[in-house]
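Descriptive structure summary
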Amino acid sequence: MLYTDVRINLPVPATYRQKRSGVVYLYKYTDTYYTQDKKQRHKSVLIGRIEIDKESGIEYLIPNDAYFKLSGTPAPQGSTVRSRGRVPKESQSHRHLSGEVIGVGFTVVCLSLWHYLGIKDIADKVFGSRLAEKLFALACYYAAGDGKDGLDEIDLFLEKNLSFLQEPFNGRRACEIFTRCTPTLNDEFLEAWIKLNQDKEKEDSFYYDVTSVSSYSDALPEIEFGYNRDKESLPQLNIGLLSSRKHDVPLFYTSYNGSINDTANFNYVLKRVKNLGLSSDFALIFDGGFSQDNINFTALQGHNLLSGVSQKRLKSVADAVGKWRKEFKRTYDRSFMLNDEIIYHGHTDFTLGTTKGKLLFYYSLTKEQHQLHDLYLHIAKEEELEELTGGCPESDKYKDFFSITPKRGPKGFSFKRNATAVHAAELQQGVTVLFTTLKNITDEEALHAYRNKDRIEKMFETLKNDIIDGRMHVHSFEAWQGKLFVLFLALILRKELHKRLKPVLHKTHHTFHRSVTVLKDIKMLNNQDRWVCRKALTSEQKSLLNAALPFDAKELRSA
C-alpha cells in the first residue's frame with residue numbers, strides 16, 4: 001500500500017533500485033545468506049517507488065507499508081493511500097483450459113493415496129479444504145523428486161500435471177503456505193495422524209532415529225555445529241523421526257538444534273509424543289546410540305522397549321558378554337539362519353539401571369573374523385606408532401590394550417601389551433547385544449525386529465537424497481517449520497507409493513524415478529470439461545496403476 005502524499009528524502013541507506021515498465025522501485029536489504037556453492041546473497045524488501053519533482057528535479061521516495069515497518073516509525077494518520085494497482089500474474093496451472101493436454105497419472109495416484117491413508121480428512125479438518133489442497137499439491141511436487149532445488153520448478157510441475165487446485169497458486173504463494181503451517185496446526189495434524197494409525201493396529205511397535213541436515217543459513221536459530229552424520233564441515237539441524245514397524249509409515253517428526261546430543265533430547269521427544277497421544281501399549285525400538293538414562297526413562301513412561309546396548313560404554317554389559325562367551329557352545333538348537341548366515345544366540349535376565357529386562361546375545365562367526373582382523377590391526381598399528389615416536393606415549397590413548405609404567409633406562413618407561421585386556425576384547429568380537437523388556441518375544445524375533453530398523457534409515461535417505469537433495473532452501477524459521485511439515489507429508493506419500501510399486505520395480509529392474517516419469521506420461525485432453533485419454537496405456541503403465549492404486553485400475557475412469 002503506497003502513501004501517495006508522503007515524500008521521503010533520498011538517499012535511504014542499504015538500498016538498491018530496480019526499473020520495471022518505466023517505473024523505478026526502491027528495495028532495502030534486510031538480511032544475507034549463503035547459497036549451496038558458498039556465495040553470499042542478499043534478501044531485500046520493496047519499500048516504495050521513486051519519483052522526480054518536475055520543478056526542482058529532486059528525487060524522492062513514495063513509501064509503502066514495508067518502509068514504515070522497517071524504519072520503526074509509525075505511518076502518518078490520514079494520509080492518502082493507494083492499494084496495489086495491478087493484480088500479480090498467477091499461475092494458470094490450476095485452470096487447465098479446453099484443448100490442453102496434461103499429465104494425470106502421478107497426481108491421480110497420489111490423490112487416491114491421500115484419501116486412502118486418511119490424510120485428506122485430517123488435513124481438511126485441521127487446515128481447511130483450501131489450504132489442504134495446496135498442501136497436497138506441494139506434497140506431490142516433493143514426492144515426485146522435483147523439489148530438490150527448492151520451489152524453482154513448482155510452476156512447471158503445476159502446469160504439466162493435474163493438481164486439483166481450486167484457487168490461484170504459484171511459487172510465490174508456496175512460501176506463504178509454509179508460514180501458514182504453524183506449529184500448533186502441525187501438532188494438531190500429528191495428534192490425529194498418530195491416533196488414526198494406532199487405531200488401525202492395536203499391537204505394534206515403533207522405530208525412532210535421528211539424522212542431520214546441513215545448511216549454509218545463519219538466519220535459523222536451530223542451525224548449529226554438532227555431530228554431522230554426512231561428514232560435512234557445516235552447521236546443521238537435527239531431525240528425529242518415528243515410524244511404524246509393521247506398516248512402515250512415518251508417524252511423527254521433530255527438529256532441534258544441531259549442537260544438542262541425541263541422548264540429551266530423547267526424553268523431551270518422548271514426552272512430546274506422549275502428549276500427542278502415543279499409547280503406552282506400543283513398544284519403542286532404537287539403536288545403541290541412546291543412553292541408559294533414555295532406556296530407564298522410556299520404561300518409566302510405561303513403554304516396552306528393544307534397544308541396542310554398548311559393550312564399550314557399559315561395563316556391566318561387557319562383563320555379561322564375557323561370561324556368556326565363556327559358557328557359550330555352538331549348538332544347532334541355539335542357532336537360526338539370517339540372510340544366509342548362521343546366528344548363535346542366548347539370553348539372560350538383566351537389570352539395566354532401574355529397568356528390569358533381559359540381555360539378548362547374538363554371535364556370528366563371520367562377523368567375529370572381520371572384527372578380530374580389525375582389532376589385531378589396530379593393536380599392531382599402536383605398537384608400531386609407539387616404536388616410531390620413541391617418547392613416552394599418552395597413557396589415555398593406549399590404556400585399552402597396553403600397560404605403561406615408568407622405569408629407569410633409555411626410554412624411561414615400559415610399554416607392554418595387556419594380554420588380559422586383549423583377551424576380554426576378543427570375547428566381545430562377533431557379538432551383538434540387545435536389551436528388551438518385551439516378555440513374549442523370542443531371540444530370533446527380536447533380532448529381526450531390531451535389524452529392520454534400517455527402514456527408518458532408508459526414510460532419511462529418501463528425504464535427504466530424493467526429496468530435498470540435502471538442503472532445505474529456506475531462510476526463515478517460520479518457513480522452515482512449515483516446509484518440514486510439507487516434506488513429512490511428501491515422505492508419507494512417497495513411502496506408501498514405493499511400498500506398493502516395489503513388486504513391479506523388482507520384476508522390471510526399473511528405478512522409482514522412472515516409475516514416476518512413466519506415470520506422469522499418462523496424459524489426458526481437456527475437451528470442454530471432459531477428460532479424454534490421448535493414447536492407450538502401455539503395459540508398464542497398466543502394471544504401475546494396478547500396483548499403486550488402492551482400488552481396481554478399471555475404476556479409474558469413474559473415479
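What counts as what
Residues numbered from 1 in each chain as written. Predicted model: local features only at pLDDT ≥ 70, side-chain atom pairs only at ≥ 80, totals over all residues. Heavy atoms only, no water. Helix = DSSP H or I, 4+ residues; strand = E, 2+ residues; numbered from the N terminus. Buried < 20%, exposed > 50% of the residue type's maximum accessible area, 1.4 Å probe, protein only. Contact = heavy atoms within 4.5 Å. Areas by Shrake-Rupley, 256 points an atom, 1.4 Å probe, with all protein chains shown as cover. Pairing = 2+ DSSP bridges. Axes fitted to C-alpha atoms, helices over the stretch in contact; angles between N-to-C directions. 1 Å grid on protein atoms, 1.4 Å probe; cavity = no way out; pocket = protein on both sides within 12 Å on 5 of 7 lines; lining within 4 Å. Points joined across faces, edges and corners; volume = space filled by probe spheres on them. Nonpolar A, V, L, I, M, F, W, Y, C, P; charged D, E, K, R; others polar. Phe/Tyr/Trp six-rings, centres within 6.5 Å; stacked < 30°, edge-to-face > 60°. Lys NZ or Arg CZ within 6 Å of the ring centre and 35° of its normal. Salt bridge = Lys/Arg side-chain N within 4 Å of Asp/Glu carboxyl O. Core = buried A, V, L, I, M, F, W, Y, C linked by side-chain atoms within 4.5 Å. Expected span 1.5 Å × (residues − 1). Arc of directions from axis to C-beta. Polar contact = N/O pair within 3.5 Å; in protein donor to acceptor, adjacent residues only side chain to side chain.

Points about the overall build of the protein
- Looking only at helices and strands, the protein has 18 helices and 21 strands in total.
- Taking all 559 residues of the protein together, 46% fall into the buried category.
- A separation threshold of at least 6 residues defines the contact pool for the protein, and within that pool the share at least 24 residues apart is 64%.
- For the protein, the accessible surface area stands at approximately 29,900 Å², while carbon and sulfur atoms represent 49% of it.

Considerations on the sheet that holds strand β8 (residues 101–103)
- Read from one edge of the open sheet, three strands run β8-β20-β21, paired in antiparallel fashion. Edge strands, defined here as strands with exactly one partner in the open sheet, are β8 and β21 (530–533). Recorded for the sheet is a direction-independent mean angle of 40 degrees between the axes of neighbouring strands.
- Bridging between β8 and strand β20 (residues 523–527) involves three bridges; their strand directions are antiparallel. If you follow I102 over to β20, its bridge partner there is M524.

Things to note about empty space enclosed by the protein
- The tally for this structure, following the rule as stated, stands at five cavities of 30 Å³ or more.
- Computed from the structure, the largest cavity encloses a volume of approximately 70 Å³.
- Taken together, I239, L241, Y253, F460, L463, L484, L487, F488 and L491 make up the lining of the largest cavity.
- The greatest single-element share of the lining of the largest cavity, amounting to four residues, is contributed by helix α16 (residues 477–508).
- Looking at the lining of the largest cavity, its residues break down into nine nonpolar, no polar and no charged.

Looking at the packing of aromatic side chains
- Scanning all chains against the criterion turns up 21 aromatic pairs.
- The interplanar angle of 85 degrees and the centroid separation of 5.2 Å between the aromatic rings of F189 and F485 together place this pair among those described as edge-to-face. Here the residue F189 occupies a position in helix α7 (residues 183–200), and F485 occupies one in helix α16, the gap between them amounting to 296 residues.
- Take F189: its relative accessible area is 0%, and that puts it in the buried class.
- According to the relative accessible area criterion, F485 is buried, its value standing at 0%.
- An aromatic cluster is defined as three or more aromatic residues linked by ring pairs; in this entry it consists of W324, F328, Y344, F361 and Y363.
- For K271, the ring lying beneath its charged end belongs to Y268, and the centroid distance is 5.7 Å.
- Positioned over the ring face of Y450 is K453, at 5.0 Å from the centre of the ring.

Description of the pattern of salt bridges
- According to the stated counting rule, one finds 16 salt bridges in the structure shown.
- E457 is the salt-bridge partner of K453, the closest N and O atoms lying 3.6 Å from each other.
- Judged by its relative accessible area of 15%, K453 falls in the buried class.
- Each of E496, K499 and R500 takes part in a single network of salt bridges with overlapping partners.

Structural notes on the nonpolar core
- Counting 133 residues, the largest nonpolar core has F106, F127, L135, L138, Y142, F189 and W193 as its most contacted members.
- A total of 16 residues in this core trace back to one element, the largest contributor, which is α16.

Some remarks on the pairing of β21
- Relative to β21, β20 runs antiparallel, the two sharing four bridges. Residue N527 lies in a different strand from β21, and its bridge partner there is R530.

Let's talk about α7
- Relative to the 26 Å expected for 18 residues at 1.5 Å per residue, α7 spans 26 Å between its end C-alpha atoms, a close match to the ideal helical length.
- Taken together, the buried positions of α7 are N186, F189, L190, W193, I194, N197 and Q198. Down the axis, α7 shows its buried residues gathered within 160 degrees of arc, on one side only. For α7, exposure combined with an orientation more than 90 degrees from the buried face picks out T184 and K195.
- In the core, the buried residues of α7 are packed alongside α3 (119–127), β9 (205–214), β11 (250–257), α8 (262–275) and α16.

Topic: the sheet that holds strand β15 (residues 341–352)
- Within the open sheet, the nine strands sit side by side as β11-β10-β9-β12-β13-β19-β16-β15-β14. Their pairing is mixed. In this open sheet, the two edge strands, each paired with only one partner strand, are β11 and β14 (335–338). Pairs of neighbouring strands in the sheet enclose a mean axial angle of 25 degrees, with direction left out of account.
- Of the pairings in the sheet, the one linking β9 to strand β12 (residues 283–286) comprises three bridges and is parallel in character. Among the inter-strand pairings, F206 is bridged to a residue of β12, identified as L284.

Considering the environment of Y207
- Looking at where Y207 falls in the secondary structure, it is placed in strand β9.
- For Y207, a relative accessible area of 0% corresponds to the buried category.
- Distance from Y207 to A449, taken between C-alpha atoms, is 9.5 Å for residues 242 residues apart in sequence.
- Not counting residues up to four positions away in its chain, the partners in contact with Y207 are L241, L242, S243, R245, I285, A449, N452, K453 and I456.
- A polar atom in the side chain of Y207 sits 2.5 Å from the backbone oxygen of A449.

Overview of the side chain of N186
- For N186, the position within the fold is in helix α7.
- Residue classification places N186 among the buried positions, given a relative accessible area of 3%.
- Apart from the residues within four sequence positions on either side, N186 is in contact with F127, C181, Y253, Q481 and F485.

What to know about the environment of D146
- For D146, the location among the structural elements is in the loop between α4 (129–143) and α5 (154–160).
- The class of D146 is partly exposed, set by a relative accessible area of 24%.
- Sequence separation between D146 and I467 is 321 residues; the distance between their C-alpha atoms is 7.5 Å.
- If we skip the residues at most four places from it in the chain, D146 touches Y141, E153, F157 and K520.
- A distance of 2.7 Å separates a polar atom in the side chain of D146 from a polar atom in the side chain of K520.

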